[in-house]
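What follows is each chain in one-letter form.
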Amino acid sequence: MLIIIIRTLILYAVVVTSVRLMGKRQIGELQPSELVIAIMISDVATIPMDNLGVPLINGIIPVLTLLFAEVGLSYASMKSKKVREAVVGKPSILIRNGVIDNVEMERLRFNLDDLTEELRLNSITDIKDVDFAILETDGRLSVILKTEAQPVTIKDLNLPADKQTIPCIVIQDGKIIDNELKRSGKSVTWLKKQLRNNKVKSIDDVFLASVDSNNSLFVQLKQGGEKK
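Predicted model, so just to flag it, every value in this text is computed and none were measured. The written sequence of each chain sets the order in which its residues are numbered from 1. Local features in a predicted model are, by the rule used here, given only for residues with pLDDT of at least 70; side-chain atom pairs are given and counted only at 80 or more, and totals for whole chains, interfaces and linings are based on all residues. Note: side-chain values were computed over all heavy atoms of the structure, leaving out hydrogens and water.

A. Layout of the pairing of strand S3 (residues 130-135). Two strands qualify as a pair provided DSSP detects at least 2 bridges between them. Runs of E in the DSSP output that reach at least two residues are strands. Runs of H or I that reach at least four are helices, and both are numbered from the N terminus. As defined by bridge partners, strand S1 (residues 92-96) adjoins S3 across three bridges and the pair is classed as antiparallel. Across the sheet, Ile 95 pairs through a bridge with Ala 133, a residue of S3. If you look at the hairpin formed by S3 and strand S4 (residues 141-145), you'll find five residues sitting between the two strands, and Gly 139 has a positive phi there, around 95°.

Structural data, given as structure tokens:
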């Protein structure tokens with residue numbers, strides 16, 4: 001039993017490391033070659049895991065081979081447009097200048113129900129508002145609305161806009177995050193004073209506390225109560 005556990009943990013570490021080295025992508029964003037590699041890695045890793053008669057190295061070597069193949073192919077795709085198009089493919093324009101390309105849709109076996117569903121996922125309910133719809137190589141649909149259908153922005157209204165910054169999470173699960181507190185430009189003394197002003201008795205009671213660009217402190221207690 002102990003041998004099985006050890007072999008499983010070793011293979012788990014190898015597979016996780018291999019997937020991490022392949023890059024940070026969500027499963028739905030994997031290119032076809034990456035998806036194939038991910039499936040093959042999971043399959044070859046289970047062989048020595050299920051069968052103790054198979055040497056552990058027989059599972060590790062194929063995983064590393066697939067990893068090197070994927071990294072090499074990714075590098076070649078990065079350097080060569082022809083290789084990239086052969087491996088990944090090219091985006092397909094399904095709607096051009098407001099007109100649906102039914103020939104391209106038929107070639108891709110992409111029906112109108114698929115198209116309207118993808119548009120709804122992009123918060124678009126009326127197809128006549130679409131100027132361009134492009135099916136990307138990872139299967140996602142990019143949509144460009146017609147000028148008159150695009151939402152109004154602060155720039156369009158000539159309004160002043162503050163620069164957005166990522167809030168600093170200064171307390172997490174009852175512990176002060178020193179590097180985030182330093183990034184916020186605040187001190188522990190300031191933080192404790194703000195907590196007292198919010199009637200928080202102890203840092204241990206705080207589940208999350210963050211400081212935004214306006215130096216405003218947001219606090220959420222562990223029991224679920226919120227204070228601002």
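Picking up where we left off.
B. Fine view of the environment of Val 219. By secondary structure assignment, the location of Val 219 is in strand S8 (residues 217-221). When a residue's accessible area, from a 1.4 Å probe over protein chains only, is under 20% of the maximum for its type it is buried; when over 50% it is exposed; and in between it is partly exposed. The buried category is assigned to Val 219, whose relative accessible area is 0%. Sequence-wise, Val 219 and Val 206 are 13 residues apart; in three dimensions their C-alpha atoms are separated by 7.0 Å.

C. Looking closely at helix H6 (residues 112-121). Two N or O atoms count as a polar contact when they lie within 3.5 Å, although within protein this holds only if one can serve as hydrogen donor and the other as acceptor, and sequence-adjacent residues are included solely when both atoms are side-chain atoms. Looking at where H6 begins, the residue whose side-chain oxygen comes 3.0 Å from the main-chain nitrogen of Asp 113 is Asn 111. After H6 finishes, the residue Ser 123 shows a positive phi value of roughly 65°.

D. Just the sheet that holds S1, in detail. Taken together, the four strands give an open sheet; going across it, the order is S2-S1-S3-S4, and neighbouring strands pair in antiparallel fashion. Among the strands making up the open sheet, the edge pair consists of strand S2 (99-100) and S4. By the bridge criterion, five bridges tie S3 to S4 in an arrangement that is antiparallel. Bridging from a neighbouring strand, Val 130 pairs with Leu 145 of S4. Residue contacts follow a heavy-atom distance rule, with two residues in contact if any of their heavy atoms lie within 4.5 Å. Angles shown run from 0 to 180 degrees and are taken between the N-to-C directions of axes, each axis being a line fitted to C-alpha atoms and, for helices, limited to the stretch in contact. Across the face of the sheet, H6 comes into contact with S1, S2, S3 and S4 while running at roughly 70° to S4.

E. Molecular detail of the environment of Leu 141. With respect to the helices and strands, the residue Leu 141 is situated in strand S4. The class for Leu 141 is buried, based on a relative accessible area of 6%. In sequence terms Leu 141 and Leu 94 are 47 residues apart; their C-alpha atoms lie 9.2 Å from each other. In this view, Leu 141 contacts Leu 94, Leu 115, Glu 118, Leu 119, Asn 122, Ala 133, Ile 134 and Leu 135; residues no more than four positions away in its chain are not counted.

Purely spatial values, then, with no claim about function.
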